[in-house]
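If you want the building blocks of each chain, they are given just below.
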There are 2 protein chains.
Amino acid sequence: MGSPSTARRISARHHRAVTPVPETRYDRRLAEILNHATEVFCRKGYEGASMRDLSRESGMSLAGLYYYFESKERLLYLIQKHTFATIVQRLKERLEGVSDPEQRIRIFILNHLEYFLANQAAMKVLSHEDEVLKNGFGAEVAAIKREYYRICVGLLDELKRDRGLQFSTRLAVLSLFGMMNWIYTWHKPRVDADADSIAGEMGDIFLRGVMAAKGRKERQ
Amino acid sequence: MGSPSTARRISARHHRAVTPVPETRYDRRLAEILNHATEVFCRKGYEGASMRDLSRESGMSLAGLYYYFESKERLLYLIQKHTFATIVQRLKERLEGVSDPEQRIRIFILNHLEYFLANQAAMKVLSHEDEVLKNGFGAEVAAIKREYYRICVGLLDELKRDRGLQFSTRLAVLSLFGMMNWIYTWHKPRVDADADSIAGEMGDIFLRGVMAAKGRKERQ
DNA sequence: AGATCATTCGAACGTTCGTTCGAACAAAGT
DNA sequence: ACTTTGTTCGAACGAACGTTCGAATGATCT
């Protein structure tokens, strides 16, 4: 009793049952810790960041942290899952009601880049610490990631059908992800453009690139 | 006497002075260790791989490794520097004698992807362990990296002048690097296509994308 | 053969790692 | 007031970390 897992289960029940946005003290504190941890993971990498770093940064004692999660690995899992779930949910909202295939892809790009630049630390952790989660945790995050990937494949297939194009959807999608995700290695908030114009330019390059493949046969 | 740094200095002198490709025992052994270390860094990450992992994998005792380099950080530096120097050198050779701007960019893409796929472990370490080297080592690697980047900027500027295009060179180059470098997250040698066809398809997407920007004004 | 050098290793150094434990404090319920 | 439950912490655990040292090999030369 009083163990972390018990506390989490109880607060979760409160969160769902009592009010729409109760935001218990526990949940608020956990969110704070997650934010600090994200920033430290982003700066020093998952393996490079010690629990003592996280303790110092979040202002909570080393032992205190373990009240909120049972291991460092689980902490990374919480960060990754929350980040990915948020971006997928936002995307689905924005796609609703838009039917033009090109416009839908532009929305996908903008949504991705906007969230990427607004939560650069979280997305860097997501992109960079890809394979460190072990079997149980890793599988769940990989599943969300695969869903996100499949959405993008669907959007591109729509475009191909609509415009009668022929190219390798897989390679196009992975190229697009590369263009977008690589941004964490070079974007400096003060000097580079904002998400809107970057999304526009990348959308131009990518969409003109794939749409110029009119009717041609796919490379073998 | 007998210290690592002394040994390295001597063998280096031999390497340069005596014959074109002398390949002393020392150099051969060091190369072996570098290869094994590259593979381990690729699998577990720089921070995640311990010196004991490297010892086990290379078959040399923990202490024995320190005869060949004075620290783990210096080992990463040696790997990164050698990898980058090789790819830049190969590129310069291949570009010689080719003057068509589009063809030169296709050569750049092919060279990058070919080396990337042939030395996937090394390139993953290069891409992934970007900011771990401290001041001295980091600056030197960053300089080679910048030279490589500038070559690509030069190629794209040639294309722009030649075809009268207008777009942001910086964003185009960084997008291209993203497309290419992201490959380490998804390419499976047995199931995915080879460097030639991937380079062709990526070249199509990218070049059609930027070349469709004929005469138009650059986005603000 | 002995001497000199290059190479390798077992054992240990001190430090830092992730994690745990029991006590202490705070809030809420009775 | 006392009890209960939720939250925090100092201190410590054993394990693993990067690195060092002196002795033991192997190789090369006189």
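Residues numbered from 1 in each chain as written. Chains lettered and ligands numbered in written order. Predicted model: local features only at pLDDT ≥ 70, side-chain atom pairs only at ≥ 80, totals over all residues. Heavy atoms only, no water.

## Side note on the protein's contact with DNA strand D
Argument step 1. Within the structure, DNA strand D sits among 21 residues, and Ala63(A), Tyr67(A), Tyr68(A), Met51(B) and Tyr66(B) are positioned closest to it.
Argument step 2. Sugar plus phosphate: this is where 58% of the atoms of DNA strand D within 4 Å of the protein reside.
Argument step 3. A distance of 2.7 Å separates a phosphate oxygen of DNA strand D from a polar atom in the backbone of Ser61(A).
Argument step 4. Here Tyr68(A) contributes a side-chain N or O atom positioned 2.5 Å from a phosphate oxygen of DNA strand D.
Argument step 5. Counting only elements with at least two residues in the surface near DNA strand D, the list comes to helix H2 (25-44) and helix H4 (62-65) of chain A together with helix H3 (51-58) and helix H4 (62-65) of chain B.
Argument step 6. It is H2(A) that provides the largest number of residues to the surface near DNA strand D, a total of 3 residues.
Argument step 7. In terms of residue class, the surface near DNA strand D is made up of 11 nonpolar, 5 polar and 5 charged. (Near = heavy atom within 4 Å. Polar contact = N/O pair within 3.5 Å; in protein donor to acceptor, adjacent residues only side chain to side chain. Helix = DSSP H or I, 4+ residues; strand = E, 2+ residues; numbered from the N terminus. Nonpolar A, V, L, I, M, F, W, Y, C, P; charged D, E, K, R; others polar.)

## Observations regarding the packing of helix H5 (residues 72-95) of chain A against helix H8 (residues 135-163) of chain A
All names here are of chain A.
Argument step 1. As a packed pair, H5 and H8 sit with axes 10 Å apart at the nearest point and diverge in direction by 20°. In terms of their interaxial angle, H5 and H8 are classed as roughly parallel. Of the two elements, H5 crosses H8, and the hand of that crossing is left-handed. Side by side, H5 and H8 meet where Glu73, Arg74, Tyr77, Gln80, Lys81, Phe84, Ile87, Val88, Leu91, Lys92 and Leu95 of the first sit next to Phe137, Glu140, Val141, Ile144, Lys145, Glu147, Tyr148, Ile151 and Leu155 of the second.
Argument step 2. Of the residues contributing to the contact of H5 with H8, the split by class is 12 nonpolar, 1 polar and 7 charged. (Axes fitted to C-alpha atoms, helices over the stretch in contact; angles between N-to-C directions. Parallel < 35°, antiparallel > 145°, perpendicular 65-115°, else oblique. Left-handed = near helix turned anticlockwise from the far one by under 90°. Contact = heavy atoms within 4.5 Å.)

## Points about the relation of the copies chain B and chain A
Argument step 1. After a rotation of 180° and a shift along the axis of 0.0 Å, chain B superposes on chain A with an RMSD of 0.0 Å. Taken together, the rotation and translation describe the operation of a two-fold axis. Residue Gly209(B), judged by its C-alpha, is the member of chain B lying nearest the rotation axis, at 1.9 Å.
Argument step 2. When the interface residues of chain B are mapped onto chain A, 100% of them again fall at the interface, so both copies present the same face. (Least-squares fit on C-alpha atoms with pLDDT ≥ 70 in both.)

## Brief notes about the packing of aromatic side chains
The geometry of two aromatic rings is summed up by the distance between their centres and the angle between their planes.
All names here are of chain A.
Argument step 1. Taken as a whole and judged by the stated rule, the model has 22 aromatic pairs over all chains.
Argument step 2. Ring pairs connect the aromatic residues Phe84, Phe108, Tyr148, Tyr149 and Phe177, which therefore count as one cluster.
Argument step 3. Lying across the ring of tyrosine 46, lysine 72 places its NZ or CZ 4.6 Å from the centre. (Phe/Tyr/Trp six-rings, centres within 6.5 Å; stacked < 30°, edge-to-face > 60°. Lys NZ or Arg CZ within 6 Å of the ring centre and 35° of its normal.)

## Some thoughts on the environment of Gln120(B)
All names here are of chain B.
Argument step 1. Secondary-structure assignment places glutamine 120 in helix H7 (residues 120-128).
Argument step 2. Taking the C-alpha atoms as reference points, glutamine 120 and cysteine 42, separated by 78 residues in sequence, lie 8.5 Å from one another.
Argument step 3. Within the structure, the side chain of glutamine 120 is placed 3.5 Å from the backbone oxygen of histidine 187, a separation counted as a polar contact.

## Section: H8(A)
Residue pairs spaced three or four apart in an α-helix point in one direction, given the helix's 3.6 residues per turn.
Residue and element names in this part refer to chain A.
Argument step 1. Relative to the 42 Å expected for 29 residues at 1.5 Å per residue, H8 spans 41 Å between its end C-alpha atoms, a close match to the ideal helical length.
Argument step 2. The inward-facing, buried residues of H8 abut H5, helix H6 (101-118), helix H9 (169-181) and helix H10 (195-211).
Argument step 3. Once H8 finishes, glycine 164 follows within two positions and takes phi at roughly 65°, a positive value. (Expected span 1.5 Å × (residues − 1).)

## A few points about helix H6 (residues 101-118) of chain B
Argument step 1. When the terminal C-alpha atoms of H6(B) are compared, their 26 Å separation across 18 residues agrees well with the 26 Å that a helix rising 1.5 Å per residue should span.
Argument step 2. Among the 18 residues of H6(B), 14 are classified as buried, and the element is accordingly described as predominantly covered. (Buried < 20%, exposed > 50% of the residue type's maximum accessible area, 1.4 Å probe, protein only.)

## A short note on the protein's contact with DNA strand C
Argument step 1. Lining the immediate surroundings of DNA strand C are 21 residues, of which Tyr66(A), Lys72(A), Ala63(B), Tyr67(B) and Tyr68(B) lie closest.
Argument step 2. The share of sugar and phosphate among atoms of DNA strand C within 4 Å of the protein is 58%.
Argument step 3. Between a phosphate oxygen of DNA strand C and a side-chain N or O atom of Lys72(A), the distance comes to 2.7 Å.
Argument step 4. Contacts to DNA strand C include Arg25(B), whose side-chain N or O atom sits 3.1 Å from a sugar or linking oxygen.
Argument step 5. For the surface near DNA strand C, the secondary structure elements donating two or more residues are helix H3 (51-58) and H4 of chain A together with helix H2 (25-44) and H4 of chain B.
Argument step 6. Considering every element that reaches the surface near DNA strand C, the biggest residue donor is H2(B), with 3 residues.
Argument step 7. Broken down by class, the residue content of the surface near DNA strand C amounts to 11 nonpolar, 5 polar and 5 charged.

## Topic: the nonpolar core
Argument step 1. Phe108(A), Phe177(A), Phe206(A), Phe108(B), Phe177(B) and Phe206(B) are the most contacted members of the largest nonpolar core, which has 98 residues in total.
Argument step 2. Setting aside residues no more than four positions away along its own chain, Phe108(A) makes contact with Leu91(A), Tyr148(A), Cys152(A), Leu155(A), Leu176(A), Phe177(A) and Met180(A). (Core = buried A, V, L, I, M, F, W, Y, C linked by side-chain atoms within 4.5 Å.)

## A closer look at the interface of chain B and chain A
Interfaces are frequently sized by the accessible area removed from exposure as the parts join.
Argument step 1. Each partner contributes residues to the interface: chain B has 34 residues there, and chain A has 35 residues.
Argument step 2. Each partner contributes to the roughly 3300 Å² buried at the junction of chain B and chain A, and carbon and sulfur atoms together form 60% of this total.
Argument step 3. Seen at the junction of chain B and chain A, the total is 4 salt bridges.
Argument step 4. Viewed at the interface, chain A and chain B are joined by 5 residue pairs in polar contact (both at pLDDT 80 or more).
Argument step 5. Put simply, the parts of the chain that give the side of chain B that touches chain A at least two residues each are H7, helix H9 (169-181) and helix H10 (195-211) of chain B.
Argument step 6. Among the elements that line the side of chain B that touches chain A, the one with the most residues is H10(B), at 11 residues.
Argument step 7. Across the side of chain B that touches chain A, the residue classes tally to 14 nonpolar, 10 polar and 10 charged. (Buried area = accessible area lost by both parts, 1.4 Å probe. Salt bridge = Lys/Arg side-chain N within 4 Å of Asp/Glu carboxyl O.)

Function cannot be read off these values alone, since they describe shape.
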